[in-house]
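Secondary and tertiary structure notes
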Amino acid sequence: MSTAAAHNHHGEEGHGHDPHLAHHFDSPQQQFDSGKLGIWLFLIQEVLFFSGLFCAYAVYRANHPEIFEFAHRYLDVTLGAVNTAVLICSSLTAAWSVRAAQLGQRKLMIGCIVVTIACAFGFLGIKYVEYAHKFHDGLLWGEKFNPKYAPGGHGEEAGHSPTADAEGHSGQHATAPGATITQEAAGEAKVTTPRNTSIFFSIYFAMTGLHGLHVIAGIIVYVWLLWRALKGEFGPKQYAAIDFAALYWHLVDLVWIYLFPLLYLIR
Amino acid sequence: MSSLDTTMGHSAPSHAEDNYLTHAHGIKSWLLTLDHKRIGVMYLCSTVGALMLGGVFALLLRTKLLTPGPGILDMSHDTYNRMFTLHGAIMVFLFIIPAIPGALGNFVLPIMLGAKDVAFPKLNLASYYLWVFGAVFFVTAMVAGSIDTGWTFYTPYSVTTPANGVIWATMGVFILGFSSIFTGLNFIVTIHKLRAEGMTWFRMPLFLWAIYSTSVIQVLATPVLAITVLLLTVERTLHVGIFDPSLGGDPVLFQHFFWFYSHPAVYIMILPGFGIISEIVGVHSRKHVFGYRFIAFSSLAIALLGFLVWGHHLFTSGQSALASVIFSAITFTIAIPSAIKIFNWLATMYKSSLQLTTPMWYAFGFIVLFVIGGLTGLFLAAMAVDIHLHDTYFVVAHFHYVMVGGTLLALFGGLYHWWPKMFGRMYNEMWGKVGAVLVTIGFNVTFFPQFVMGTRGMPRRYFTYLPEFQAFHIASTLGAYLLGFGIVLAFANLAIGAFRGRKASANPWGGATLEWECSSPPPHDNFAVTPTAHDPYDFAHLSYDEKTDGYVARRS
Amino acid sequence: MSTTTHGHAQDHGLSHVMSAKMLLGVWGALIVLTVVTVITATQPMFNFGAYANLVIAMVIATVKASLVCLFFMHLLYDRKFNLLIFMGSLLFVLLFVSFSMMDTAQYQPAIQSRVEAQAQ
């Protein structure tokens, strides 16, 4: 994070002698608080940045609920839930890395950072499995949307009519009278989908894709922190970068906390 | 710091040995500087370069419009479309939005606060390079197929246009957006955390209130533009269909996204201008600013209300009647804080010891242009009238009055006000006034005929026109030449002053804000001893000193 | 300088230190709530209709988000100004989303009737 420009500090009260205190700050506390306000403003910027996608989601879901009720069943709830748990665990270790840094527990801090990075890679791995399935099965955006099977079924069940699913979904075709279209799927079977079902996948890939980019950015930040931690740059008086990175990481978690129910858990 | 052994403070020498310009030498000391003053100067040079580029496009367009059809430049429609798009996009994203916060905000803000620098100097330099990077993308867009969408990039045209520069331009906007966000972030933290002793919120100069309000908009609104242009880029490359109606998307939603940023953005353009005019009117009237708190709070009110009115750009775009009525009603309320400022400036001038200096001439010009621009905005906020005037030259004239009148005249006013501080030298006062008059007259000759044309039905962005509009177009073009000449003259006068002018004292105007307490130009660390802030518009303790041709403080 | 002192016993100079017990407790609560939200969204006995289930899912997500903000992100112990601006940003998101939803919902019937006319 660029806002980490506020360096770490040294708690000693000797003005002008503290190598970690930038020349334009009066005290380590002032420097720390400035950095903290800076990172919070950065997070606010992130919230508004994501808000565009949440707005698109809300507009399309409110106006075309049938698309969402139909298409979300192509997603794998189990993988989504596991990924949620993985991110929550990484948030825990991120928060703990701050505590360890504050208390001077160097090895614990490094361990927490490593676990955080590992969880982030785990999240991306699971995401990769999900994406690969969708690319394979034609569950894509726009004109590339060409599903090989009806939701609830799997590749090998292609050819069945929309499978009987949990109650409440059976009426989805009635909600959009005259608005259902039929897609030729791989030349063998017809999958009937509500009009513009591809919009769901446009939004799905836009939201999870942007979130995934933030996870990658988080990994880069944490690898950088790990390198600095191994050099022994952090301690009870100098942990601002660890604290600010954790705040960013929690925001990435926060976004996913909303994405999971909005995309996977619709009924 | 070792450079602080010189004595500076209230009775600063008129020209310090060590100042930020002489502190370090070589091109590298500029390109890698973390000093907010040098970054401000770099912003100034760069954004003025963008202004010149956009201005050349404007003059070419106006020259073509002397006659209907291809005209004396033998310009094709495609070239015309690309040129007005580039004019708009370059002016908005590379000049108007970054110019005042980037140049004057960076230079003046920390000094006014009594701070040594902004809170995050490295981030500040990064913001500048993001600007440069964004500008490179724009130049690439110009050569790689150009853009002909208008600066608003409306879908679905922007998705299908054969002009292939669109992606370069949108990515340029994305990058420039982050430059703007980080500048705003930096200023907010600086104002919150780095105020000098005694600098309470209500002792802050009004320029800082304006910059603070601007920064709030930059942090809250710009990310939405970033996601909008990002989605547009994805739409054009991958055809995701969120904004493309042929894939089930909603082009009106794009306009909601775009204007959620771009309406608040017009206040990013005008609020710093308000701040500069407040400073100029206070200092050059030699009288305490009337209604300080009202001016301060009206900046915040404009910043917040600005978020509630974006739908007035969509009156004819298929927006629902319900939303249009609500947006129209809220739009009218913006007139209240704007008028508060105008009336308070006039009340400040009333029975004051008004000094007819160059900055004051620009302030006059600003007030005239802003009143015309603001009042015509009310016409456009009324839905029934807007149906008639929408997409005509009336709209073009209106937003040039507020955006150009707002930013350009305020920027000139601010530069002429702070130039002695920035470079330690005075400019030629007579030529300064001539420039101010030429710019103001040239501007009105250019754009007033456009109001008339617009009400008579001349549509904007049209390549050609009916013969009945030719007289207005000729007047407008002649005005544009005059305006262009005035702008060049005004900058030339400043540039000559910076090199050849007589040396300026620390406080040539008698300002009471902190930047006038350090020497001209300021030393590298701004203040040897952190000053104590007092009322920024209490001029009673300042008296003129003939020896230095400046004002000195006689505080007991 | 705004120096409201932290009135916390656990304060460690620059900012608040979260206790290990709290960290684990919040983590446990987040995991439990994740399970709860999956169950309410998938099990037949919790099907209360599209709207009710959306509200349930959003309430659970908001509780989870609040736990992360208040404890993992230290907002409960941090300077209140940071909490204020963060909540403030959510107001702007709400404004953006609600106005866009209101307007698009208004003109949706026009699009729908055109689609139906074309289908015939």
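See the structure shown above.
Below: a short report on this structure. In every chain, residue numbers begin from 1 and rise along the written sequence. All chains are assigned letters beginning at A, and all ligands numbers beginning at 1, according to the order in which they are written. With the structure being a predicted model, the display of local features is reserved for residues of pLDDT at least 70 and the display and counting of side-chain atom pairs for 80 or more, all residues being used for whole-chain, interface and lining totals. Processing note: side-chain calculations cover all non-hydrogen atoms of the structure and skip hydrogens and water entirely.

Attention shifts here to the interface of chain A and chain C. Throughout, a residue-residue contact means that at least one pair of heavy atoms, one from each residue, lies within 4.5 Å. At the junction of the two partners, chain A supplies 59 residues and chain C supplies 61 residues. Should a side-chain nitrogen of Lys or Arg be within 4 Å of a carboxyl oxygen of Asp or Glu, the pair is scored as a salt bridge. Counting the contacts that link chain A with chain C gives two salt bridges. The shortest N-O distance in the salt bridge between Arg79(C) and Asp33(A) comes to 2.3 Å. We define a polar contact as two N or O atoms separated by no more than 3.5 Å, with the added condition that, inside protein, one atom must be a possible hydrogen donor and the other a possible acceptor, whereas residues neighbouring each other in sequence contribute only through side-chain atom pairs. Linking chain A with chain C are 13 residue pairs in polar contact (both at pLDDT 80 or more). Mapped by element, the contributors of at least two residues to the side of chain A that touches chain C are α1 (28–63), α3 (77–102) and α6 (240–264) of chain A. Looking at the side of chain A that touches chain C element by element, the count peaks at 21 residues for α1(A). Three categories are distinguished: nonpolar for Ala, Val, Leu, Ile, Met, Phe, Trp, Tyr, Cys and Pro, charged for Asp, Glu, Lys and Arg, and polar for the others, with Gly belonging to the last. Along the lines of polarity and charge, the residues of the side of chain A that touches chain C split into 35 nonpolar, 12 polar and 12 charged. Only DSSP runs of H or I with at least four residues qualify as helices, and only runs of E with at least two residues qualify as strands; both kinds are numbered from the N terminus onward.

This part takes up the nonpolar core. Nonpolar cores are built from buried Ala, Val, Leu, Ile, Met, Phe, Trp, Tyr and Cys residues. Side-chain atoms within 4.5 Å join them into one set. Each residue is placed in one exposure class: buried if its accessible area under a 1.4 Å probe, protein chains only, is under 20% of its type's maximum, exposed if it is over 50%, and partly exposed if it falls in between. Counting residues in hydrophobic clusters, the biggest one holds 309 residues, and the most contacted among them are Phe200(A), Phe93(B), Phe207(B), Phe366(B) and Met422(B). Of the residues forming this core, the biggest block, 23 residues, is contributed by helix α3 (residues 77–113) of chain B. Domain delimitation in this document rests on an assignment produced automatically or drawn from a domain database. When residues of this core are assigned to domains, at least three fall in each of domain 1 (15–78) and domain 2 (81–120) of chain C. Once you skip the residues sitting within four places of it in the chain, Phe200(A) turns out to touch Ile67(A), Phe68(A), Ala71(A), His72(A), Leu75(A), Leu263(A) and Ile266(A).

Residue and element names in this part refer to chain A. Criterion for a disulfide: a pair of cysteine sulfur atoms at a distance within 2.5 Å. A full pass over the atoms with the stated rule returns zero disulfides over all chains. Considering cysteine sulfurs only, cysteine 89 is the nearest to cysteine 119, which forms no disulfide, with 5.7 Å between them. Taking relative accessible area as the criterion, cysteine 119 reaches 13% and is therefore assigned buried.

Residue and element names in this part refer to chain B. Simply put, an axis is a line fit to the C-alpha atoms, just over the touching stretch for a helix, and the angle between two N-to-C directions goes from 0 to 180 degrees. Running from N to C, helix α4 (residues 121–143) and helix α6 (residues 166–193) point in directions that differ by 165 degrees, and their axes come no closer than 8 Å. Viewed along their axes, α4 and α6 adopt a mutual orientation that is roughly antiparallel. Read as a crossing pair, α4 and α6 show a hand that is left-handed. In the contact of α4 with α6, the residues fall into 17 nonpolar, eight polar and no charged. Each angle is binned into one of four classes, with values under 35 degrees roughly parallel, values over 145 roughly antiparallel, values of 65 to 115 roughly perpendicular, and all other values oblique. Note on convention: the crossing is left-handed when the near helix lies turned anticlockwise from the far helix by less than a right angle, right-handed when the turn is clockwise.

Next up on the list: a nonpolar patch on the surface. On the surface, a nonpolar cluster with roughly 450 Å² of combined accessible area is contributed by Leu354(B), Leu356(B), Trp361(B), Val437(B), Ile441(B) and Val445(B). Within the secondary structure, Leu354(B) is located in the loop between α11 (335–349) and α12 (358–381). Candidate patch residues must exceed 30% relative accessible area and have no salt bridge, after which like charges are joined if within 9 Å and Val, Leu, Ile, Met, Phe, Trp or Tyr side chains if within 5 Å. Areas reported as accessible are Shrake-Rupley estimates using a 1.4 Å probe. Residue values count occlusion only from the protein chains shown.

On to the interface of chain B and chain A, then. Taken together, the contact pairs 40 residues of chain B with 38 residues of chain A. Buried area, as used here, totals the accessible surface that two parts lose on assembly, with accessibility defined by a 1.4 Å probe and the loss added over both. Here chain B meets chain A over a buried area of about 3100 Å², counting both sides, of which 75% is carbon and sulfur. Here chain B is connected to chain A by zero salt bridges. Our count for the contact surface shared by chain B and chain A stands at eight residue pairs in polar contact (both at pLDDT 80 or more). Taken together, the elements giving at least two residues each to the side of chain B that touches chain A come down to α4, α6, α7 (206–238) and α8 (251–285) of chain B.

Let us look at the side chain of Ser320(B). Looking at where Ser320(B) falls in the secondary structure, it is placed in the loop between α9 (292–305) and α10 (321–333). A residue is classified by how much of its surface remains accessible, and Ser320(B), at 6% relative accessible area, is buried. Within the local environment of Ser320(B), its side chain forms a polar contact with the side chain of Asp103(C), the two groups lying 2.6 Å apart. Beyond its immediate chain neighbours, meaning those up to four positions away, Ser320(B) contacts Asp103(C), Gln106(C) and Tyr107(C).

Summed over all chains, the structure comprises nine salt bridges over all chains. Glu130(A) is the salt-bridge partner of Lys127(A), the closest N and O atoms lying 3.3 Å from each other. Taken together, the positions of Lys127(A) and Glu130(A), both in helix α4 (residues 106–136) and three residues apart, correspond to about one turn of that helix. Each member of the pair, Lys127(A) as well as Glu130(A), is classed as buried. Here the salt bridges share partners, and the residues they tie into one network are Lys36(A), Asp243(A) and Asp78(C).

This is a description of form; function is not addressed.
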